[in-house]
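# An overview of the molecular structure
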Amino acid sequence: MTRKKRGFWTFCFSLIPGAGEMYLGFMKRGLSMMCLFLGWFAFCGATGFNIGMCLLPVMWFYSFFQVHNLVSLPDEEFYQQEDDYIFLHMDKIVGVDKWERGKVKFIAAALIFIGGYTIVSTVWRSFWNSLPDWLYNDLYVVRDGVPRIAISLILIAFGVYLIRGKKEKLDKEESKED
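Summarised in this report is the structure supplied together with it. (Residues numbered from 1 in each chain as written. Predicted model: local features only at pLDDT ≥ 70, side-chain atom pairs only at ≥ 80, totals over all residues. Heavy atoms only, no water.)

Turning our attention to the environment of alanine 42. Take alanine 42: it is sitting in helix 3 (residues 27-47). For the pair alanine 42 and methionine 53, spaced 11 residues apart in the sequence, the C-alpha separation amounts to 9.9 Å. (Helix = DSSP H or I, 4+ residues; strand = E, 2+ residues; numbered from the N terminus.)

A few words on the packing of aromatic side chains. If you walk through the whole model with that rule in mind, you get 11 aromatic pairs. Their ring planes at 85° and their centres at 6.2 Å tell us that phenylalanine 11 and phenylalanine 64 sit as a pair that is edge-to-face. Note that phenylalanine 11 is positioned in helix 1 (residues 8-14) and phenylalanine 64 in helix 4 (residues 55-72), a separation of 53 residues in sequence. In this structure phenylalanine 11 comes out as partly exposed when scored by relative accessible area, which is 39%. (Phe/Tyr/Trp six-rings, centres within 6.5 Å; stacked < 30°, edge-to-face > 60°. Buried < 20%, exposed > 50% of the residue type's maximum accessible area, 1.4 Å probe, protein only.)

To continue, consider the packing of helix 3 against helix 4. The N-to-C vectors of helix 3 and helix 4 enclose an angle of 165°; their axes lie 10 Å apart at closest approach. Considering the angle they form, helix 3 stands roughly antiparallel to helix 4. Once helix 3 is placed against helix 4, the crossing between them reads as left-handed. Between helix 3 and helix 4, the residues in contact are Arg29, Met33, Leu36, Phe37, Trp40 and Phe41 and Leu55, Leu56, Met59, Trp60, Tyr62, Ser63, Gln66 and Leu70, respectively. Of the residues assigned to the contact of helix 3 with helix 4, the class counts are 11 nonpolar, two polar and one charged. (Axes fitted to C-alpha atoms, helices over the stretch in contact; angles between N-to-C directions. Parallel < 35°, antiparallel > 145°, perpendicular 65-115°, else oblique. Left-handed = near helix turned anticlockwise from the far one by under 90°. Contact = heavy atoms within 4.5 Å. Nonpolar A, V, L, I, M, F, W, Y, C, P; charged D, E, K, R; others polar.)

Time to look at helix 3. If you check helix 3, its first and last C-alpha atoms are 29 Å apart, about what 21 residues at 1.5 Å a residue would give, namely 30 Å. Turning to helix 3, its buried residues number three or more, namely Arg29, Gly30, Ser32, Met33, Phe37, Trp40 and Cys44. Glycine 48 sits one or two residues past helix 3 and shows a positive phi near 80°. (Expected span 1.5 Å × (residues − 1).)

Now for a nonpolar patch on the surface. A surface patch of nonpolar side chains, about 390 Å² in accessible area, is lined by Ile149, Leu153, Ile156 and Val160. By secondary structure assignment, the location of valine 160 is in helix 9 (residues 140-177). (Patch = residues over 30% accessible without salt bridge, like charges linked within 9 Å, V, L, I, M, F, W, Y side chains within 5 Å. Areas by Shrake-Rupley, 256 points an atom, 1.4 Å probe, with all protein chains shown as cover. Salt bridge = Lys/Arg side-chain N within 4 Å of Asp/Glu carboxyl O.)

Summarising the element assignment, valine 142 is placed in helix 9. With relative accessibility at 40%, the residue valine 142 sits in the partly exposed group. Once you skip the residues sitting within four places of it in the chain, valine 142 turns out to touch Trp124, Trp128 and Pro147.

Now the structure itself:
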């Protein structure tokens, strides 16, 4: 049962991702947010995908502000809110065609990235931990710097790719107008 509540307990429960939504009566929203947050935390911890932990504050803030935005809604709008799982109706957010075409590629790219990152970090860690102490200490700069340089190069290449793709799209649009 969805009931509009305000005050101390709403604030306290909003500090735990998903609990605030559940306290307000949005059980499906709360459960999906809580499972998403804790599941992502467990996944990152189990696989060593430490960079993925950067998404946890984003999920926390989303949950926190969603609760406070729900509470601040006028009564009529609050009671019109549907309790649904977070990602169940993604097609309504981005459009059916765009979602269907892009979701498989996006999910595939994300899985490949996470799997590749996990393998590389595991092999990297194993290689460096197997070195003798004297060599390990001497090569610390390389061990610490190479991943940062590689990630920086990947980000630069991706940025150039995005700029080049946007420029080509604009050039095509200009040629169509002429």
